[in-house]
Each structure stands twice: as C-alpha cells, then as structure tokens.
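# Tertiary structure, described
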Amino acid sequence: MSLLFSPMTIRSLTLRNRLWVSPMCMYSAVDGLPQEWHHTHLAQFASGGAGLIVAEATTVLPEGRISPRDTGLWNDAQRDAWAPIVAAAHARGAHIGVQLAHAGRKASTWWPWAGESGSVPATEGGWPTVAPSAIAFEGFAEPAALDDAGIAAVVAGFADAARRALDAGFDVLEIHGAHGYLLHQFLSPLSNHREDAYGGTLENRARLLLEVTAAVRAVAGEEVPVFVRISATDHAPGGFTPDEAAIVADWAVARGADLIDVSSGGLVAHQRIDVHPGYQVPLAATVRQGGRIPSSAVGLLTDGAQAEAVLQSGAADAVFAGREWLRDPHFGLRAAHELGDAVAWPDQYLRARWR
C-alpha cells in the first residue's frame, strides 16, 4: 500500500488515509448557518474517498466573518445546523473537522461573485473590523486595534466555538492562523506594530495564537486532534518567515497542537508568489523539521503520484488538496486507482471501480 493510502492515527482518531480536503469557503451561509449546499458539498468528498474533510473557515465571533455569507459557530443554532452534515460524512466512512477562524482586518468583505470588491459598507450589512494594529489590508477599511478585553474575547470565542464543534460531532478542530486572517496578522511584523505583550518579538507576536491553541486544547481534552494552519511565509519583504514558522510550530505543539497545516501568503496584497505544482511543499518540510513536528502539505497537488511523492520525500505526513477536490469530488478514489491501492468504494459505485 502507498503511504498516501496508509492509515494515520492522531490521538484517539485513526484516519483511513492521508489525502484530505482543505477547508474552502463557500460563501453560502445565512446568518452563519450552513445550508443544504454545505451538506451536499462536504458529503460528496466522503463518498469520494477523502480520509479527512475540513469544513470551511467558520468564524468564532460574528465580527470575524470574512463576508456576510460565512459559516459560524458562535451560537447553538449553528452548532445544530452542522450536526447532520457531520453525520453525513461519518455515514460515508470519512472523518470531518472544522476550521475555526477570525478574519480580523480582512473581515466584512464582499464574497467573490458579489460584483463588488473590498469592504462591505455598513449600509449594505458590513461592520467595523479589528486587528492587532490599526493598519488596513490594501483596499479595505481601516480596522481598530484590539485592546486587552478584545483579545480576551477572541480567545474565549475560539474556546466556545470549539465546544460547539465537538457537540456537533466534529472529529478534528483546526485553528486558522494563516492567509492574512487575525492570528496571522498578529504573527507578522507587517501587520502587527504593537508595543505591548502581543507585539515586537516573535514570542510576543505568537502569543495570541498560542493562547488560542491552549484554550482549544483545554476544550478538546486528550482525545481530539487539534491542528493549526499557518502561512509559513508572507511572500513579502519584512514579513513572517519560514524559519519563524518552524519556531512557532514548536511552540504550538508544546501548547497542544497535533499537526501543523502548512500554507503561505494572504497577509498583504503586494505579496509575490512563484506559483507552481507543489510550490508550498518545501515550507511544510521546513516546519516538519525532519519529522519532529507533524505537518501537512498543500498547494497545486493534483494527482496520486504527486501526493505520494510528497510523503515519500519526508516533506509532510499528510496532503491537503482544495481545487482538485472541487474539480473531481472522487479525487480520493481516482488517486487510489492511479497508485494501485485497493481501497473501499461505496457499494453504489462498485460497477465503476475498474474500467
């Protein structure tokens, strides 16, 4: 059997393979409530052979939504709406997690097909945003710098949302510390100009991410896996670096993280990224530190052989994919076929197993 389709055990959870679905925003929620779209969208990946599905960036506080159409877990109605979606993934043989998020200065923005860009004005349902410092993302409204009470509310929001996620049946909790959202904004000196305990040194800039990680671990207990997604570089001069990411990964694991989901970018509009197949894999290898820190790789990974090569190289312990699952919701079954692995297919699809 390939490494890609070998099981992986994290705490009490044994995942059927190491080919996972990245969280991808659908911008289709109503008042933070996932809809029928989310049910069908996520369940199809379980039928398609995913080992783990991570549901989209789901905000822990209403002001943390990327757009007015984001999903949430800040109230019990949202918890209850997620429960049947989780059950559908389980019924199809997959495990499912949720990415807990706060968008910070990148909140209150238009969804991709809205016909508008930038911040949503209050007259159209937008809201004031917050950040480590009053520095706007290029083209967006200026945020307010969080005070101590605001920071404490963020930590509490992550913990409360984690409890609701577990009550809904989610198997994995992922903390979103990447792509220019709030926790990443604290990590990077490009967006964090604070002069208190949350700014300046790397240790201070990482403080909020680590407090959130510890709070989520306290809710998760000893059995539930906790992942942390980071952007291992800002792709911009003076920003967060891969070497800093490796250090922060160490600290996060010490606070209770089980795996670092390594991505990059998203903090500033002037980033410059050399995008090519597997372009973020070396970042995962840097964070993994020769196998000492469990990590996953993501970024233009589109077939079974390519994903298997990432694992065989020792760059990562698992592979996330996003767009390829959108193009082919049965990517897992296809990749197993490409690699010659005899994995279980849904009984309803057995007639298509071999050509």
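Look a little higher up for the structure.
For the structure given in this document, a descriptive report is provided here. (Residues numbered from 1 in each chain as written. Predicted model: local features only at pLDDT ≥ 70, side-chain atom pairs only at ≥ 80, totals over all residues. Heavy atoms only, no water.)

## Examining the pattern of salt bridges
Operational definition: By salt bridge we mean one thing: a side-chain nitrogen of Lys or Arg within 4 Å of a carboxyl oxygen of Asp or Glu. Segments assigned H or I by DSSP are reported as helices when at least four residues long, segments assigned E as strands when at least two residues long, and all are numbered from the N terminus. In this scheme, a residue with accessible area under 20% of its type's maximum is buried, one over 50% is exposed, and one in between is partly exposed, where area comes from a 1.4 Å probe on protein chains only.
Applying the stated rule across the entire model yields 16 salt bridges. Where Arg163 meets Asp167, a salt bridge forms, and the shortest distance between an N and an O atom there is 3.8 Å. Taken together, the residues Arg163 and Asp167, both in helix α3 (residues 148–168) and four residues apart, mark about one turn of the helix. The partly exposed category is assigned to Arg163, whose relative accessible area is 39%. With a shortest N-O distance of 2.7 Å, Arg334 and Asp328 are connected by a salt bridge. When salt bridges with common partners are traced through the structure, they connect Glu324, Arg327, Asp328, Arg334 and Glu338 into a single cluster.

## Digging into helix α6 (residues 207–220)
To keep things clear, this is the line we draw: Every helix has an expected span of 1.5 Å times one less than the residues it contains. Contacts between residues were defined by any pair of non-hydrogen atoms, one from each residue, lying within 4.5 Å.
Between the first and last C-alpha of α6 there are 20 Å, a value that for 14 residues agrees with the 20 Å anticipated at 1.5 Å per step. Most of α6 sits out of view: 10 of its 14 residues are buried. Every buried residue of α6 is listed here: Leu208, Leu209, Leu210, Val212, Thr213, Ala215, Val216, Arg217, Val219 and Ala220. At its buried positions, α6 is contacted by α3, β8 (172–177), α4 (182–187), β9 (226–231) and α7 (242–254). Gly221 sits one or two positions beyond α6 and adopts a positive phi of about 70°.

## Quick notes on the packing of aromatic side chains
What counts is decided by this rule: Pairs were defined over the aromatic rings of Phe, Tyr and Trp, the Trp ring being its six-membered one, requiring ring centres within 6.5 Å. Orientation was assigned from the angle between planes: stacked under 30 degrees, edge-to-face over 60, tilted for the rest. We count a charge as sitting over a ring when the NZ of a lysine or the CZ of an arginine lies within 6 Å of the ring centre and within 35 degrees of the ring normal.
Tallied over the entire structure, the rule returns nine aromatic pairs. Between Phe45 and Trp325 the ring centres are 5.8 Å apart and the planes differ by 70°, which places this aromatic pair in the edge-to-face class. In this pair, Phe45 is assigned in helix α1 (residues 36–47) and Trp325 in helix α10 (residues 323–327), connecting sequence segments 280 residues apart. Side by side, Phe45 and Trp325 carry an identical accessibility label, which is buried. Stacked on the ring of Phe320, the Lys or Arg Arg229 has its end atom at 5.9 Å from the ring centre.

## Side note on α7
Three- or four-residue spacings in an α-helix give side chains the same orientation, since the helix completes a turn every 3.6 residues. Compared with the 18 Å implied by 1.5 Å per residue over 13 residues, the 19 Å span of α7 between its first and last C-alpha is a close match. Glu244, Ala245, Ala246, Val248, Ala249 and Ala252 are the residues of α7 that are buried. If you follow the buried residues of α7, they end up packed against α4, α5 (202–205), α6, β9, β10 (259–263) and α8 (281–288). Downstream of α7 by a residue or two, Gly256 has a phi angle that is positive, lying close to 125°.

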